[in-house]
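Chains, contacts and geometry: an overview
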Amino acid sequence: EVQLVESGGALVQAGGSLRLSCAASGFTFDDYAIGWFRQAPGKEREGVSCISSSDGSTYYADSVKGRFTISEDNAKNTVYLQMNSLKPEDTAVYYCAAAAPETSSLVAGIWPQWGQGTQVTVSS
């Protein structure tokens, strides 16, 4: 059974940090690209970051560059999103997704496998 399970979302004050986790079962993350996406109320789902398993390349949306870091722990079959210097505009449900290992796009529509999401709320 293929599953992606996000965790780590919380209520945090502006300027704080959170680390989100995406745990996989049924497949190993090192054979896939993993992306993080977010969707705020009334907004379209947007790409945040992804890591390509083929070469380990990482990609970030301009809005999070310098603040967020994506990483993978192959032993735990888990991908993380470290979020620092959080802003109220980061408030959203955050989803992880899996795709072919060469995937390097933050366009949500091309990612075929999704988790259920975890809520991140940043208060001002």
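Here we look at the pairing of strand 7 (residues 68-73)
- In terms of strand pairing, strand 7 meets strand 8 (residues 78-83) through six bridges, oriented antiparallel. Within strand 8, the position partnered with phenylalanine 68 by the bridge is methionine 83.
- Turn length for the strand 7-strand 8 hairpin, with the two strands adjacent in sequence and antiparallel, is four residues, and the turn residue asparagine 77 shows positive phi of about 55 degrees.

A word on the environment of aspartate 73
- The topology assignment puts aspartate 73 in strand 7.
- Look at aspartate 73 and you get partly exposed, because its relative accessible area is 24%.
- For the pair aspartate 73 and aspartate 30, spaced 43 residues apart in sequence, the C-alpha to C-alpha distance is 8.9 Å.
- Other than its neighbours up to four places away in sequence, aspartate 73 contacts Thr78 and Tyr80.

A look at the state of the cysteines
- For the structure on display, the rule yields one disulfide.
- Here cysteine 22 pairs with cysteine 96 through a disulfide, and the sulfurs are 2.0 Å apart. Between cysteine 22 and cysteine 96 the sulfur-sulfur dihedral comes to about 65 degrees; the bridge is accordingly right-handed. Of this pair, cysteine 22 sits in strand 3 (residues 18-25) while cysteine 96 sits in strand 9 (residues 92-99); the two residues are 74 residues apart in sequence, bridging distant segments of the chain.
- With a relative accessible area of 0%, cysteine 22 lands in the buried category.
- The exposure class assigned to cysteine 96 is buried, which follows from its relative accessible area of 0%.
- No disulfide involves cysteine 50; its sulfur sits 13 Å from that of cysteine 96, the nearest cysteine.
- For cysteine 50, a relative accessible area of 0% gives the class buried.

Observations concerning the packing of aromatic side chains
- This model, assessed by the stated rule, comprises three aromatic pairs.
- Considering the side-chain rings of phenylalanine 37 and tryptophan 111, the 5.4 Å spacing of their centres and the 70 degrees angle between planes classify their relative orientation as edge-to-face. You can see phenylalanine 37 sitting in strand 4 (residues 33-39) and its partner tryptophan 111 sitting in the loop between strand 9 and strand 10 (113-114), a full 74 residues away along the chain.
- Taking the centre distance of 4.8 Å and the plane angle of 55 degrees together, the rings of phenylalanine 37 and tryptophan 114 count as tilted. With a gap of 77 residues between them, phenylalanine 37 in strand 4 and tryptophan 114 in strand 10 connect regions that are remote in the sequence.
- In this structure an aromatic cluster arises from ring pairing among Phe37, Tyr95, Trp111 and Trp114.

Remarks on the pairing of strand 9
- Where burial is concerned, most of strand 9 is hidden: seven out of the eight residues are buried.
- Bridge analysis of strand 4 against strand 9 gives seven bridges, and the strand direction is antiparallel. Pairing of glutamine 39 across the sheet is with valine 93, part of strand 9.
- As paired elements, strand 9 and strand 11 (residues 118-123) share three bridges and run antiparallel to each other. Residue valine 93 lies in a different strand from strand 11, and its bridge partner there is glutamine 119.
- Here strand 9 pairs with strand 10 via two bridges, running antiparallel. What sits directly across from alanine 98, in strand 10, is glutamine 113.

Rules of the game
Residues numbered from 1 in each chain as written. Predicted model: local features only at pLDDT ≥ 70, side-chain atom pairs only at ≥ 80, totals over all residues. Heavy atoms only, no water. Pairing = 2+ DSSP bridges. Helix = DSSP H or I, 4+ residues; strand = E, 2+ residues; numbered from the N terminus. Buried < 20%, exposed > 50% of the residue type's maximum accessible area, 1.4 Å probe, protein only. Contact = heavy atoms within 4.5 Å. Disulfide = S-S within 2.5 Å. Phe/Tyr/Trp six-rings, centres within 6.5 Å; stacked < 30°, edge-to-face > 60°.

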